[in-house]
Amino acid sequence: MGSGNKAKLRLLPAVHEVVADLSLREEIAANYSPAALTWAVRSVLQKTRQRILCPETSPEIGGSQPETAEEIRVWVAGQALQELQSLSSSLKRVINATGVILHTNCGRALLAPEVADYLAEQAKHYNNLELDLETGQRGSRYDHIQDLFRELTGAESSLVVNNNAAAVLLIMNTFALQREVIISRGELVEIGGSFRIPEVLAAGGAKLREVGTTNKTWLQDYREAVNENTALVLKVHTSNFRIEGFHHSVPTGELVKLGEEFGIPVVEDLGSGSLLDGTKFGLPKEPTIQEAVQEGVSLVCFSGDKLLGGPQAGIIVGKRELIEKLKTNQLTRALRVDKLTLAALAGTLRLYQRGEAWKIPVWGMLMKTKSKLREEASVLQNTLKDLKSLNIQLEDNYSQVGGGAFPTAKLPTVVCALQPLNGSVTQLEDFLRKGEIPILTRISRDKILFDPRTLVADDFQIIVERLKEWDKIQA
Ligand SMILES: *Cc1c(COP(=O)(O)O)cnc(C)c1O
């Protein structure tokens, strides 16, 4: 080690000195314990020492380099604070101004505020997850949602697992291990995030028996494929795409009749799975969960955090006998959900039960009318009108459902379109995304679009503050 390095090391402050400096600042003392400050300062000093000793293997510190002992002390304090801030917030709240309601990158469905409160209460206290309060005996965690699903879907029984991919996997592994599953070639889909029907079937140990063609599959195709090794017929909702033009698929009811004729269960992966009929809100016709159950399907599976508007989960409803069989599979234990998921799901289902689906954010957002959206966009425009560095207009546009649901549905909306007068749209987009509470927007033809459809509670205020900051920097 050279003497220059020794001199540099000697300039580094002691941990307790920097902690004392930081503790003097009221807002820091209020937010961080002395232990947290000590940890952060020690970590920064360790990295700095490392950097002085072996500059080639350590990351660049960046910025102008502090020289004097005093400058170094201030610099270390600043770095320690950054360390604490980044530590506390890798996964954080963001504002979704993109107008994509079920945005997988942003965590899909939001929970209703009262469901979130109920969830918080369940998280802070012990609960009766697997306890029958009547008898004092052990109960089942699934009992808490059993009656709700029976009432809402008409199905005899239900089971909840980690997500819908897990639901499909579990069904395959339970009923089709080493046996054949008949499925139309038009339904061998890939859903975002690497869920591919043929691969999930294979992972579950089932053999794929493809029938029909990409665009047309007839009942006769299914019938000809049935043999003594057939385990079940699977119908998959094509979710994120639509075939236009010349096509045919077999209605669920006809598959159920075929299944009954041969004694083979028919399973439907509905994907999004909605309890409400979307046509009332201008969406295309899609089978609801209740309709699939009514058709006589043996098992229906769907996601908890798509159109249902609950937590991430995979829900299976259907015939009691088959659900009981699923419960005996060891995989069910591996795929089981925790008390928080069950609480969020039960809370969400109770809103449907009480006829208050509009309180579920996904449906609240879907139901927003264009005139309401125009009103919200113009409030934002008016609040921002004094900002000199931005040109702000209202424009007609479309929001999206997202999450692979209703891929072709166009939800009319009114957006606030911003053009920075200096600086580029990409710079502004970047600035918005990198704030304390990141704001995600859409760029279209050199403008930044804010769609009020997916904004909630105090999002507006935070957007306004952040744009004022931008304006100040530009001035
Ligand atoms: C989204 C989807 C899945 C996967 O559901 P996750 O809950 O994300 O695991 C499976 N099948 C279909 C048809 C889907 O649309």
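Small disclaimer: the values here were computed from a predicted structure and weren't measured.

Asks: Would you explain the overall build of the chain in this entry?
Replies: Each helix and strand in the chain was counted, giving 19 helices and 16 strands. Dimensions of the chain, computed from C-alpha atoms along their principal axes, come out at roughly 85 × 55 × 50 Å. When the accessible area of the chain is evaluated, it comes to approximately 23900 Å², of which 51% is carbon and sulfur surface. Both charge centroids of the chain, one from 55 positive and one from 58 negative side chains, sit 2 Å from each other.

Asks: Just to check I follow, could you spell out the pattern of salt bridges for this structure?
Replies: Proximity of charged atoms lets side chains of opposite charge pair with each other. Counted under the stated rule, the structure contains 32 salt bridges. Across the pair Arg433 and Glu429 runs a salt bridge whose closest N-O atoms are separated by 3.0 Å. Of this pair, Arg433 and Glu429 are both found in helix α18 (residues 425-433), four residues apart, which corresponds to roughly one turn of the helix. Each member of the salt-bridge network shares a partner with another, and the members are Glu114, Arg354, Glu356 and Lys359.

Asks: Can you help me understand the packing of α18 against helix α19 (residues 459-474) in this one?
Replies: If you want to describe how two helices pack, look at the angle between their axes and the distance between the axes. Where α18 contacts α19, the axes come no closer than 10 Å and their chain directions differ by 130°. Here α18 is positioned oblique relative to α19, judged by the angle of their axes. When the axes of α18 and α19 are compared, the crossing they make is right-handed. Judged by residue contacts, Gln427, Leu428, Phe431 and Leu432 of α18 engage Arg466, Leu467, Glu469, Trp470 and Ile473 from α19. Each residue belonging to the contact of α18 with α19 can be placed in one class, and the counts come to six nonpolar, one polar and two charged.

Asks: Before we go on, may I ask you to explain helix α13 (residues 320-328) in this structure?
Replies: Taken residue by residue, α13 has Leu322, Ile323 and Leu326 as its buried positions. Taken down its axis, α13 places every buried residue within 100° of arc, on the same side. Turned more than 90 degrees from where α13 packs its buried face, Glu321 and Thr328 sit exposed. Where the residues of α13 are buried, they touch β3 (157-161), α8 (164-175), β10 (299-303), β11 (314-318) and α14 (330-334).

Asks: Honestly, the environment of Met365 in this entry has me stumped. Any pointers?
Replies: Note that Met365 resides in helix α16 (residues 361-367). Measuring from C-alpha to C-alpha, the distance between Met365 and Ala20 comes to 49 Å, with 345 residues separating the pair along the chain. Here Met365 is in contact with Ile101, Leu110, Arg453, Thr454 and Val456, once residues within four sequence places are set aside.

Asks: Can you walk me through the domain arrangement of the chain in this structure?
Replies: Note: interface size is frequently given as the accessible area lost on complex formation between the parts. As assigned here, the chain comprises domain 1 (3-88), domain 2 (95-101 + 365-474) and domain 3 (111-358). Put simply, the middle of domain 2 and the middle of domain 3, counted by C-alpha atoms, are 35 Å apart. Counting from both sides, the interface comprises eleven residues of domain 2 and, opposite them, 13 residues of domain 3. Summing the contributions of domain 2 and of domain 3, the shared interface buries around 1100 Å²; its carbon and sulfur component is 81%.

Asks: Please clarify how the site of the ligand should be interpreted in this entry.
Replies: What surrounds the ligand is a group of 13 residues, the closest being Ala165, Ser239, Asp269, Ser303 and Lys306. Contact between the ligand and Ser239: an oxygen atom at 2.5 Å from a side-chain N or O atom of the residue. Lys306 places a side-chain nitrogen or oxygen 2.9 Å from an oxygen atom of the ligand. The set of elements that each furnish at least two residues to the shell around the ligand consists of α8 and β9 (266-271). Here the shell around the ligand is built from residues that sort into four nonpolar, six polar and three charged.

Asks: Sorry, what's going on with the packing of aromatic side chains here?
Replies: The way to describe two aromatic rings as a pair is by their centre distance and the angle between their planes. In this structure the tally under the stated criterion is three aromatic pairs. Seen in terms of ring centroids, Phe149 and Phe302 are 6.4 Å apart; in terms of plane orientation they differ by 70°. Their pairing is edge-to-face. With Phe149 in helix α7 (residues 143-153) and Phe302 in strand β10, this residue pair connects regions lying 153 residues apart in the sequence. Overall, Phe149 belongs to the buried group, its relative accessible area being 1%. Sitting over the face of the ring of Phe246, Lys216 holds its NZ or CZ atom 3.7 Å from the ring centroid.

Reading guide: rules and limits
- Residues numbered from 1 in each chain as written.
- Predicted model: local features only at pLDDT ≥ 70, side-chain atom pairs only at ≥ 80, totals over all residues.
- Heavy atoms only, no water.
- Helix = DSSP H or I, 4+ residues; strand = E, 2+ residues; numbered from the N terminus.
- Areas by Shrake-Rupley, 256 points an atom, 1.4 Å probe, with all protein chains shown as cover.
- Lys, Arg positive; Asp, Glu negative; His and termini not counted.
- Charge placed at Lys NZ, Arg CZ, Asp CG, Glu CD.
- Salt bridge = Lys/Arg side-chain N within 4 Å of Asp/Glu carboxyl O.
- Axes fitted to C-alpha atoms, helices over the stretch in contact; angles between N-to-C directions.
- Parallel < 35°, antiparallel > 145°, perpendicular 65-115°, else oblique.
- Left-handed = near helix turned anticlockwise from the far one by under 90°.
- Contact = heavy atoms within 4.5 Å.
- Nonpolar A, V, L, I, M, F, W, Y, C, P; charged D, E, K, R; others polar.
- Buried < 20%, exposed > 50% of the residue type's maximum accessible area, 1.4 Å probe, protein only.
- Arc of directions from axis to C-beta.
- Domains from an automatic or database assignment.
- Buried area = accessible area lost by both parts, 1.4 Å probe.
- Near = heavy atom within 4 Å.
- Polar contact = N/O pair within 3.5 Å; in protein donor to acceptor, adjacent residues only side chain to side chain.
- Phe/Tyr/Trp six-rings, centres within 6.5 Å; stacked < 30°, edge-to-face > 60°.
- Lys NZ or Arg CZ within 6 Å of the ring centre and 35° of its normal.

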